[in-house]
Amino acid sequence: MSTRNLSEADLTDAVLARLERCEDPRFKELMTALIRHLHAFVREVGLTEAEWFEGIKFLTATGQKCDADRQEYILLSDVLGVSMLVDALNHKKPTGATESTVLGPFYVEGAPDLANGASICLSGGGEPTEVRGRVLSLDGKPIRGAVLDVWQTAANSLYSSQDPQQERYNMRGRFRSDDKGAFFFRTVKPVSYPVPTDGPVGKILNAMGRHPMRPAHIHFIVSAPGYEPVATHIFAKGDPYLDSDVVFAVKNSLVADFKPKDGGILEVNYDFALKPA
Ligand code: BEZ
Ligand code: FE
């Protein structure tokens, strides 16, 4: 098909025809669908030139906001529900397996290995909390030596990677399950917090009339040899944002009770169940 003299009616077909010599079948499938849906969007809304240019400016600003510690495109994917849709398609779990949820942009590799019972909290403030649980197989057997990579915000509602006042690995650590599959660490109760709003994603959230809040949670990546790793959170029961999480990541099975125990300390118990690899 020639690329000459195209009209609104045959432009999409002409672009698709240019994929004729694309050698990678999966890449061809992805590009074909992307072009079809993009053109359909432009037609459906009758996109004006001014709107098209606003879109270009938005995508440019999104890229310009990214650096080693800031991933505005992941944030965009998260707030548009794309991250959770990809998660749902790729992590269909059997009954009983811990459900996954969004990884988010604040994971930092290389958190220190800590002994069970250690605290991840190097900063002040917050409600002291003990987190206990087990890592189990689907038939309820303990998994020994599973690694739990954990991270959360400090009491000021910022991750260490967002806050130059915090040590690099504040509120981060890696724990290992013991012979009974058990793990235990100390922290402070997580708080609900806004995703970063000082960039283009914050602007479109505002323009859509949406709040930027995430319900309080602790992040985990739980892994063990022979099992599929799971990236997930434990959410705090009773949080006011559980039903309006800005990134659509809450699942009932991940909500846990942070209960008071003696001496004004909170305690939360959560068992993880891993699916075989
Ligand atoms: C987070 O929980 O760290 C997070 C997830 C998605 C977007 C922003 C933050
Ligand atoms: Fe988070």
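This text goes with the structure placed above it.
Here the structure is a predicted model, which means the values were calculated and not measured.

Draft legend 1. Focus on the overall build of the protein. Check the secondary structure of the protein and you find 6 helices and 12 strands. Seen along its three principal axes, the alpha-carbon backbone of the protein occupies a region of about 75 × 40 × 30 Å. Buried residues in the protein amount to 37% of all 277 residues. Taking all contacts inside the protein whose residues are at least 6 apart in sequence as the whole, residues at least 24 apart take part in 71%. For the protein, the accessible area works out to roughly 15,500 Å², and carbon and sulfur atoms hold 54% of it. Between the averaged position of the 31 positive side-chain charges in the protein and that of its 36 negative side-chain charges there is a distance of 3 Å.

Draft legend 2. Just the site of ligand 1, in detail. Close contacts around ligand 1 come from L75, D78, G104, P105, F106, Y159, Y193, V195, R214, H217, H219 and V247, and that covers them all. One of the side-chain N or O atoms of Y193 is found 2.7 Å from an oxygen atom in ligand 1. At 2.9 Å, a side-chain N or O of H219 approaches an oxygen atom of ligand 1. At the level of secondary structure, the elements contributing two or more residues to the shell around ligand 1 comprise helix 4 (72-79) and strand 7 (217-223). By residue class, the composition of the shell around ligand 1 is 7 nonpolar, 3 polar and 2 charged.

Draft legend 3. Looking closely at the sheet that holds strand 3 (residues 172-176). Taking strand neighbours across the sheet as the criterion, the 5 strands line up as 3-2-7-8-9 in an open arrangement whose pairing is mixed. If you trace the sheet from one side to the other, it starts and ends with strand 3 and strand 9 (255-256), each paired once. Taken together, the 5 bridges between strand 2 (residues 147-151) and strand 3 define a ladder with antiparallel strand orientation. Bridge pairing in strand 3 links W151 to R172.

Draft legend 4. Layout of the side chain of D149. Looking at the secondary structure, you find D149 in strand 2. No salt bridge is formed by the buried D149; the nearest opposite charge belongs to R174, separated by 4.1 Å. Within polar-contact distance, the side chain of D149 engages the side chain of Y107 at 2.7 Å. The contact partners of D149, leaving out residues within four places of it in the chain, are Y107, A111, G173, R174, H219, F220 and I221.

Draft legend 5. Molecular detail of the environment of A61. Looking at where A61 falls in the secondary structure, it is placed in helix 3 (residues 49-64). Assessed through its relative accessible area of 29%, A61 is described here as partly exposed. Placed 52 residues apart in sequence, A61 and D113 show a C-alpha to C-alpha distance of 37 Å.

Draft legend 6. Seen up close, the coordination of the iron ion (ligand 2). Donor atoms from the polypeptide that bind the iron ion (ligand 2) are Y159 (OH), Y193 (OH), H217 (NE2) and H219 (NE2), placed at 1.8 to 2.1 Å. Classification of the site at the iron ion (ligand 2) as irregular follows from its 6 donor atoms and the range of 54 to 164 degrees in their angles at the metal. Look at where the donors of the iron ion (ligand 2) fall in the sequence and you get Y-x33-Y-x23-H-x1-H. With a gap of 60 residues between them, Y159 in the loop between strand 2 and strand 3 and H219 in strand 7 connect regions that are remote in the sequence. Judged on exposure class, the residue Y159 and its partner H219 are both buried.

Draft legend 7. Highlighting helix 4. Within helix 4 the residues assigned to the buried category are E72, L75, L76, D78 and V79. Buried residues along helix 4 cover an arc of 160 degrees about the axis, so they all sit on one side. Looking at the buried side of helix 4, the elements it contacts are helix 3, helix 5 (82-90) and helix 6 (200-207). The backbone nitrogen of Y73 lies 3.0 Å from a side-chain oxygen of the residue at the head of helix 4, namely Q71. Just past helix 4, the residue G81 takes up positive phi, approximately 80 degrees.

Draft legend 8. How the structure looks around the pairing of strand 4 (residues 182-188). Among the 7 residues in strand 4, 5 count as buried, and that is most of the element. Bridge count between strand 1 (residues 128-137) and strand 4: 7 bridges; the pairing is antiparallel. For R132, the partnering residue across the bridge sits in strand 4 and is F184.

Quick notes on the rules
Residues numbered from 1 in each chain as written. Chains lettered and ligands numbered in written order. Predicted model: local features only at pLDDT ≥ 70, side-chain atom pairs only at ≥ 80, totals over all residues. Heavy atoms only, no water. Helix = DSSP H or I, 4+ residues; strand = E, 2+ residues; numbered from the N terminus. Buried < 20%, exposed > 50% of the residue type's maximum accessible area, 1.4 Å probe, protein only. Contact = heavy atoms within 4.5 Å. Areas by Shrake-Rupley, 256 points an atom, 1.4 Å probe, with all protein chains shown as cover. Lys, Arg positive; Asp, Glu negative; His and termini not counted. Charge placed at Lys NZ, Arg CZ, Asp CG, Glu CD. Near = heavy atom within 4 Å. Polar contact = N/O pair within 3.5 Å; in protein donor to acceptor, adjacent residues only side chain to side chain. Nonpolar A, V, L, I, M, F, W, Y, C, P; charged D, E, K, R; others polar. Pairing = 2+ DSSP bridges. Salt bridge = Lys/Arg side-chain N within 4 Å of Asp/Glu carboxyl O. Donors = N, O, S within 2.8 Å, 3.2 Å for Na, K, Ca; no water. Tetrahedral: all angles 85-135°; square planar, octahedral: opposite > 155°, others 65-115°. Arc of directions from axis to C-beta.

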